[in-house]
Amino acid sequence: MLQRPTGHELRLAALGGVSGVAGSYAVSGYTPSFVVAPIDALVVSLTPGAVVQFVIENVGSAGHLLHIALSLALAVGLFAGVTLAGLRLVDGAGSRLSGGLLSGLLSWVAATATTGAPLLAVGAAAPVGLFVALAPLDRTRPRFDASRRRAIGAVAGFAGVSAVTGTLLRDDGSLAAAPNTAGVEEQLQAAEGRSLSVNNADLTGLVSGVREFYNTDIAEFDPEITAEEWSMTITGETGADDLTVDYGDVTGMPAEHRYLTLRCVGEQLNGHKLDTAVWTGTPIAPLLDEVDPAGDCDCVLLRGEDGYFVRYPTEVLRTGFLTWGMNGQELPTSHGHPVRVLIPGHWGETNVKWLTEIELLDEPVDGYWERRGWQGTGTVTTVAKLWDEGITPLSDGRMELAGHAYAGLRGIQRVEVSTDGGDSWTDATLSEPLPGDDVWRQWRHRYDPDGAHEVVVRAVDRDGNVQTEAESNPAPTGATGWVRRTIDA
Ligand SMILES: Nc1nc2c(c(=O)[nH]1)N[C@H]1C(S)=C(S)[C@@H](COP(=O)(O)O)O[C@H]1N2
Ligand SMILES: [Mo]
């Protein structure tokens, strides 16, 4: 029978666990080879769809803090267990060397097995092994003197300091220029020129910055794929051979720059998961023609390196665009580096990042989100936003309201604003439309405030359809309703 660990042993085990996680972070950073990453992926995949949906709707993007905290605790627990095993061996065999080796080896095996990165796994293994070899096993025994305690402090301190240094040294910033982006700068300036002048500079213009552009990821740790490593295969029910293309092939095809807006089906009605960039890429249709799609369902399954998958009609994919550039820079890791697909007019989830495979199907299968109760592969709904940054008092005493409106391929014809709870409506000023089929517009409205106003905004698409008034939750097909805000001036 195993003896119950003493309080002292538990404290040591916890410290050893922390040193393993810190050491792993020191060498890997916030990447898939950090030991917390695979654990987090497991936690997320084991979470029932209903819980995921509840968290997305109610906790929003802070929801990832919940599972990352749990995964961190599990990782510390894992190395704490390994530390404890080593401590017991030291105790039993009386050999610090064998205990340290055992813990180091077990940690290395655990880190390698989970991350698949044997070299970087040493980052977790070394501090745990050292910790066990130096730990003051029993405070009452004289051999664990002050110098030993200093040594153990040094190991823990070293792991901590190298984690911090690793973070500081790691370059998360500068993105390289993407290939074939001649002309993007002009398009960025054109968008700047058409952005409405608004009082608050924090309000996004017609193009969102690469760093401010929203993110929706199923994984906490984005896959890191270099352009050299990347390839994508079109496979399945093809009339011809499978086709594999690499980064050079794709960026060598005729390049275009498109203004294109993305919106996540999971966002709240007035949420912030709506953004626009100038994307550089090439139409996907010629590649599809090359493989001669032959499946019975006329549908495709797209897969990303992170395990994401989504299915939609082949005809929809035909309108798509293989993309490697964002506002003139190469795609950042978080937006699908090196290549993603962009599909005009459809919800964000169709735009697979880190694209690795397109499979032509015979029968439809559910995508990642569809398995979790969402139906987000269809066309986007119409929305007018009024974010906090869009509400500012002007120096002349008036109130300025400004925001964005989006209706996918239907385009925005008009935005209407009410300052009396919906009794009367005024047309807002609109930004000049940007070229492109799938872009938002900006709107602006100023009024004389006198006390509290219930402001309501609604958009009208180019076919004359007014944004749906009936309110619904994001799941399963996107939030509907009109954005209403009470503004007290
Ligand atoms: N591989 C992969 N592609 C993905 C996702 C993902 O988690 N993994 N999320 C999808 C969802 S739900 C949305 S809304 C968009 C968001 O793209 P962005 O993060 O570049 O804004 O990417 C889509 N493509
Ligand atoms: Mo999404």
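Residues numbered from 1 in each chain as written. Chains lettered and ligands numbered in written order. Predicted model: local features only at pLDDT ≥ 70, side-chain atom pairs only at ≥ 80, totals over all residues. Heavy atoms only, no water.

A. Representation of the pattern of salt bridges. Evaluation of the coordinates by the stated rule reveals 19 salt bridges. R318 is the salt-bridge partner of E315, the closest N and O atoms lying 3.8 Å from each other. Within this pair, E315 and its partner R318 are both found in helix 11 (residues 314–318), separated by 3 residues, close to a single helical turn. Given the relative accessible area of 54%, E315 is considered exposed. Taking relative accessible area as the criterion, R318 reaches 27% and is therefore assigned partly exposed. Where R414 meets E416, a salt bridge forms, and the shortest distance between an N and an O atom there is 2.9 Å. Judged by relative accessible area, which is 27%, R414 ranks as partly exposed. Each of R414, E416, D427 and R458 takes part in salt bridges that share partners, so that together they form one network. (Salt bridge = Lys/Arg side-chain N within 4 Å of Asp/Glu carboxyl O. Helix = DSSP H or I, 4+ residues; strand = E, 2+ residues; numbered from the N terminus. Buried < 20%, exposed > 50% of the residue type's maximum accessible area, 1.4 Å probe, protein only.)

B. Local environment of the state of the cysteines. Applying the stated criterion across every chain, the model contains 1 disulfide. Two residues share a disulfide in this structure: C297 and C299, whose sulfurs sit 2.0 Å from each other. In this structure, the disulfide formed by C297 and C299 twists by about -80° around the S-S bond and is classed as left-handed. (Disulfide = S-S within 2.5 Å.)

C. Structural detail: a negative patch on the surface. Together, E237, D296, D298, D362 and E363 line one region of the surface with negative charge. Structurally, the position occupied by D362 is in the loop between strand 10 (355–361) and strand 11 (383–384). (Patch = residues over 30% accessible without salt bridge, like charges linked within 9 Å, V, L, I, M, F, W, Y side chains within 5 Å. Areas by Shrake-Rupley, 256 points an atom, 1.4 Å probe, with all protein chains shown as cover. Lys, Arg positive; Asp, Glu negative; His and termini not counted. Charge placed at Lys NZ, Arg CZ, Asp CG, Glu CD.)

D. Inspection of the pairing of strand 17 (residues 441–447) at higher detail. Counted residue by residue, strand 17 has 6 buried out of 7 residues, so it is predominantly covered. Looking at chain direction, strand 13 (residues 399–406) and strand 17 are connected through 7 bridges and run antiparallel. Paired with L401 across the bridge in strand 17 is H445. Note that strand 16 (residues 429–430) and strand 17 share 2 bridges and pair antiparallel. Within the sheet, the bridge partner assigned to T429 lies in strand 17 and is R444. (Pairing = 2+ DSSP bridges.)

E. Expanded view of helix 6 (residues 122–134). Taking 1.5 Å per residue as the helical rise, helix 6 with its 13 residues ought to reach 18 Å, and the 18 Å between its terminal C-alpha atoms agrees with that figure. Those residues of helix 6 not exposed but buried are G123, A124, A125, P127, V128, G129, F131 and V132. (Expected span 1.5 Å × (residues − 1).)

By themselves these figures say nothing about function.
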